[in-house]
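Observations on the three-dimensional arrangement
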Amino acid sequence: MRIHHLNCGTMAFGLVDHCLLVETRTELVLVDTGYGLGCVREPGKMLGASRFLMGPKLTEKETAIWQIQALGYDPRDVRHVILTHLDLDHSGGLSDFPEATVHVHGPEFRAATATPTLSERLRYRAAQWAHGPKWMVNEVEGAEEWFGFTSVRDLPGLPPEILVVPLAGHTRGHAGVAIDSGNGWLLHAGDSFMLESSIDPESPNTPLWLRMYEQGAIVRDAYRENQRRLRELRRLHGHQISVINSHDAALFHRMTAR
């Protein structure tokens, strides 16, 4: 499978919104949507006051739908969207792909649509899914293991080379997406870490702004534990797996330079 790396939203502190476009044998799969056309055209409605904290530089050229068209594809061929979570900077383009099946982890779906807490209401924007997506909710029950992590396999309509890896912490139902490209595994770990230094024990100390950001994790113990596990995954299986995330610009540019 061919994988395209898309920046679907440049933000404050030089952060990016790293999404993936995956070509399977028959269709296109999008991992996260970043900011969509609705976010650019109606930021107050689609993003709310949180946009002032995140500082997105909203342009149509950075939307997933625009970049997919620029690559020469028909956006209608995006048959599946897999979300790492439903934060407003990850699901803002859902309405650009109204015919796609939207895969989301069960605890995340329930947190965002049924029982959001006060703090969660600042990060979830129901307007982003007011068009009525074709939800496909996945659960962890009966899941197999993937390099020591529990994984959700056999997502309906998707090839077995694409699976969901639960990574709770940043949100209640946060998950990563693992893809076997044929040349090794790629794990999109979403917001499980903000900068690569968080999962690299040889990197310098985490900057103050990042430590403050990480205090916003909904389940802090799980967040720290999954970072520890990701460090161990890279130590033991770094030759088999590339681990990326949503917002590290240097990591994004390294992947696009390959």
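Refer to the structure above for everything that follows.
Residues numbered from 1 in each chain as written. Predicted model: local features only at pLDDT ≥ 70, side-chain atom pairs only at ≥ 80, totals over all residues. Heavy atoms only, no water.

1. Digging into unusual backbone geometry
A positive phi angle is found at Phe13, which is not glycine, with a value near 65°. Positive phi outside glycine occurs at Asp32, with the angle close to 65°.

2. Focus on the packing of aromatic side chains
Using the following cut-off: A pair of aromatic rings is counted whenever rings of Phe, Tyr or Trp (Trp by its six-membered ring) have centres within 6.5 Å, and the orientation is called stacked for planes under 30 degrees apart, edge-to-face for over 60 and tilted otherwise. Secondary structure elements follow DSSP: runs of H or I of four or more residues count as helices, runs of E of two or more count as strands, with numbering from the N terminus. Relative accessible area decides the class of each residue, using a 1.4 Å probe on protein chains only: under 20% of the type maximum gives buried, over 50% gives exposed, and in between gives partly exposed. In this analysis the charged atom, NZ for Lys or CZ for Arg, is taken to sit over a ring once it is within 6 Å of the ring centre and within 35 degrees of the ring normal.
Counting across every chain of the model gives five aromatic pairs. A ring pair is formed by Phe109 and Trp135, whose centres lie 5.1 Å apart and whose planes are at 65°; its orientation type is edge-to-face. One end of the pair, Phe109, is in helix H5 (residues 106-113); the other, Trp135, is in strand S6 (residues 134-138), with 26 residues separating them in the sequence. With a centroid separation of 6.5 Å and an interplanar angle of 50°, the aromatic rings of Trp146 and Phe149 are classed as tilted. Taking the relative accessible area as the measure of exposure, Phe149 reaches 3% and is therefore buried. Among the aromatic residues, those joined into a ring-pair cluster are Trp146, Phe147, Phe149 and Trp185. The residue whose ring lies beneath Arg229 is Phe149, and the NZ or CZ to ring-centre distance is 4.0 Å.

3. Regarding the layout of surface pockets
Applicable threshold: Every definition here rests on a 1 Å grid over the protein atoms only: cavities are sets of points where a 1.4 Å probe fits but cannot get out, pockets are open sets enclosed by protein on both sides within 12 Å along at least five of seven lines, and lining residues have some atom within 4 Å of a point. Grid points are joined across faces, edges and corners, and a volume is the space filled by probe spheres set on the points. For this classification, the nonpolar set comprises Ala, Val, Leu, Ile, Met, Phe, Trp, Tyr, Cys and Pro, the charged set comprises Asp, Glu, Lys and Arg, and every other residue, Gly included, is treated as polar.
Looking at the second largest pocket, its volume works out to about 360 Å³. Around the second largest pocket, the lining is made up of 17 residues, and of these Ile3, His5, Ser181, Met255 and Arg258 lie nearest the centre. Listing elements by their share of the lining of the second largest pocket, those giving two or more residues are strand S1 (2-7), strand S11 (185-188), strand S12 (241-244) and helix H9 (249-256). Examining the composition of the lining of the second largest pocket, we find that three residues originate from one element, S1, more than from any other. In terms of residue class, the lining of the second largest pocket is made up of six nonpolar, nine polar and two charged.

4. Describing H9
To keep things clear, this is the line we draw: By construction, the arc corresponds to the directions joining the helix axis to the C-beta atoms. By the convention used here, residues are in contact when the closest approach between their heavy atoms is within 4.5 Å.
Where H9 is concerned, the buried positions are Ala249, Leu251, Phe252 and Met255. The buried residues of H9 all sit within an arc of 160° when viewed along its axis, so they share a single face. Where H9 is buried, its residues touch S1, strand S2 (18-23), S11 and S12.

5. Things to note about the sheet that holds strand S10 (residues 175-180)
As a reminder of what qualifies: The pairing criterion is simple: DSSP has to find at least two bridges between the two strands. The axes are straight lines fitted to the C-alpha atoms, using for helices just the contacting stretch, and the angles between their N-to-C directions are given from 0 to 180°.
Ordered by their spatial adjacency, four strands build an open sheet running S9-S10-S11-S12, and the pairing between neighbours is mixed. Each edge of the sheet is formed by a strand with only one pairing partner; in this case those strands are strand S9 (162-166) and S12. Across the sheet, the mean angle from the axis of one strand to that of its neighbour is 20°, orientation sign disregarded. Examined bridge by bridge, S10 and S11 share four bridges and lie antiparallel to one another. Paired with Ile179 across the strands is Leu186, a residue of S11. Helix H8 (residues 220-237) rests against S11 and S12 of the sheet, and its axis sits at about 150° to S12.

6. Observations regarding the state of the cysteines
As used here, a disulfide is simply a covalent bond connecting the sulfur atoms of two cysteines. To keep things clear, this is the line we draw: The disulfide criterion used throughout: a pair of cysteine sulfur atoms within 2.5 Å.
Taken as a whole, this structure holds zero disulfides when the rule is applied. With no disulfide of its own, Cys8 lies 3.6 Å from the sulfur of Cys19, the closest cysteine sulfur. Of the cysteine sulfurs around Cys39, a residue in no disulfide, the closest is that of Cys8, at 11 Å. With relative accessibility at 0%, the residue Cys39 sits in the buried group.

7. Some details on the environment of Thr33
Applicable threshold: Whenever two N or O atoms come within 3.5 Å, that pair is a polar contact, provided that in protein one can donate a hydrogen and the other can accept it, and provided that, for residues adjacent in sequence, both atoms are side-chain atoms.
Among the structural elements, Thr33 can be located in the loop between strand S3 (28-31) and helix H1 (37-41). We classify Thr33 as buried; its relative accessible area is 0%. Between the C-alpha atoms of Thr33 and Pro56, which are 23 residues apart in sequence, the distance is 14 Å. Engagement of the side chain of Thr33 in a polar contact is seen with the backbone nitrogen of Gly93, the distance being 2.8 Å.

8. Things to note about the pairing of S3
Taking every second residue as pointing to the same face, both faces of S3 are buried, with Leu28 and Leu30 on one and Val29 and Val31 on the other. For S2 and S3, the ladder comprises four bridges, and the chain directions are antiparallel. Of the residues in S3, the one forming a bridge with Leu21 is Leu30. In this structure, the hairpin formed by S2 and S3 is closed by a connection of four residues.

9. Details of the pattern of salt bridges
Heads up, the rule is: Any Lys or Arg side-chain nitrogen located within 4 Å of an Asp or Glu carboxyl oxygen qualifies as a salt bridge.
Enumeration according to the criterion identifies 13 salt bridges in this entry. With its nearest N and O atoms 4.0 Å apart, the salt bridge here joins Arg2 to Glu23. Taken together, the residues span a long stretch of sequence, with Arg2 in strand S1 and Glu23 in strand S2 at a distance of 21 residues. With a shortest N-O distance of 2.7 Å, Arg228 and Glu225 are connected by a salt bridge. Of this pair, Arg228 and Glu225 both sit in helix H8, three residues apart, which is roughly one turn of that helix.

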